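Listed below, chain by chain, are the residues.
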Amino acid sequence: MNKTDGAASLSTFALSETGNRFSQKAHEASTQETTLRNEVEKSLQRYFKQLDDEPVTDLHRLVISEVEAPLLESVMRYTGNNQSKASIMLGLNRGTLRTKLKHYGLL
């Protein structure tokens, strides 16, 4: 994957049970693999079933924080906690990355 491919390419990757990345073709060939998109959809369906007609607010913030925190943790681990490399990898400026890291207690 080219580093400029962006988020559109991210959804074409599948994760196996061991966390390895595969192409879309490999994903279609195996029923044991799943996409991040499908997992989010399944999680939201479970969440909606558990609501019992309770009002929901800030769902966007909830979902983003549930995805963003582990994303930042993984990228920081991958880059050896190098904020400059991580900010480039994430497409964020370094100041924004630092703000997000502080927000999630990762700095």
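Remember, predicted model here, so these are calculated numbers, not experimental data. Along each chain, residue indices are assigned from 1 in the same order as the chain's sequence is written. Where totals are concerned, whole chains, interfaces and linings use all residues; where local detail is concerned, this predicted model gives features only for residues with pLDDT of at least 70, and gives and counts side-chain atom pairs only at 80 or more. Side-chain numbers come from the whole structure's heavy atoms, not from hydrogens or water.

Draft legend 1. Region of interest: the overall build of the protein chain. Across its full length, the protein chain carries six helices and two strands. In this text, helices come from DSSP runs of H or I with a minimum length of four residues, and strands from runs of E with a minimum of two, each type numbered from the N-terminal end. Its helices and strands in sequence order give the protein chain the pattern α-β-β-α-α-α-α-α, from N to C terminus. In this description, contact between two residues means that some pair of their heavy atoms is separated by no more than 4.5 Å. Of the contacts made within the protein chain by residues no fewer than 6 positions apart, 21% connect residues no fewer than 24 positions apart. Areas reported as accessible are Shrake-Rupley estimates using a 1.4 Å probe. Residue values count occlusion only from the protein chains shown. Looking at the protein chain as shown, the accessible area adds up to about 8,400 Å², and 51% of this sits on carbon and sulfur atoms.

Draft legend 2. Layout of the layout of surface pockets. By volume, the second largest pocket amounts to about 250 Å³. In terms of residue count, helix H3 (residues 36-49) provides more of the lining of the second largest pocket than any other element does, six residues in total. A class-by-class count of the residues in the lining of the second largest pocket yields eight nonpolar, one polar and two charged. Two kinds of site are reported from a 1 Å grid over the protein atoms alone, namely cavities, where a 1.4 Å probe fits but cannot get out, and pockets, open sets with protein on both sides within 12 Å along at least five of seven lines, and residues are called lining when an atom falls within 4 Å of a point. Grid points are joined across faces, edges and corners, and a volume is the space filled by probe spheres set on the points. The residue classification treats Ala, Val, Leu, Ile, Met, Phe, Trp, Tyr, Cys and Pro as nonpolar and Asp, Glu, Lys and Arg as charged. All others, Gly included, are polar.

Draft legend 3. Looking closely at the pattern of salt bridges. The term salt bridge refers to a side-chain nitrogen of Lys or Arg lying within 4 Å of a carboxyl oxygen of Asp or Glu. Taken as a whole and judged by the stated rule, the model has three salt bridges. One salt bridge in this structure joins Lys42 and Glu39, with 3.0 Å as the shortest N-O distance. Within this pair, Lys42 and its partner Glu39 are both found in helix H3, separated by three residues, close to a single helical turn. For each residue, the accessible area found with a 1.4 Å probe, counting protein chains only, is set against the maximum for its type, and the residue is called buried under 20%, exposed over 50%, and partly exposed in between. For Lys42, a relative accessible area of 39% gives the class partly exposed. Residue classification places Glu39 among the partly exposed residues on the basis of a relative accessible area of 29%. In this structure, Asp58 engages Arg61 in a salt bridge whose closest nitrogen and oxygen atoms are separated by 3.7 Å. For Arg61, a relative accessible area of 54% corresponds to the exposed category.

Draft legend 4. Expanded view of the packing of helix H4 (residues 59-78) against helix H6 (residues 94-103). Relative to each other, H4 and H6 sit at 115 degrees, their axes nearing to 10 Å. By crossing handedness, the relation of H4 to H6 is classed as left-handed. Together, Glu68, Leu72 and Met76 of H4 and Leu97, Lys100 and Leu101 of H6 make up the contact between the two elements. Class assignment of the residues belonging to the contact of H4 with H6 gives a composition of four nonpolar, no polar and two charged. The axes are straight lines fitted to the C-alpha atoms, using for helices just the contacting stretch, and the angles between their N-to-C directions are given from 0 to 180°. Crossing handedness: left-handed means the near helix sits turned counterclockwise from the far one by under a right angle, and right-handed means the same turn made clockwise.

Draft legend 5. Region of the structure containing H4. In this analysis, the expected span of each helix is defined as 1.5 Å times one less than the number of residues it contains. In a regular helix each residue adds 1.5 Å, so 20 residues correspond to 28 Å; H4 covers 29 Å between its end C-alpha atoms and thus fits that length. Within the sequence span of H4, burial applies to Glu68, Ala69, Leu72, Val75 and Met76. Along its buried surface, H4 packs onto helix H5 (83-90) and H6.

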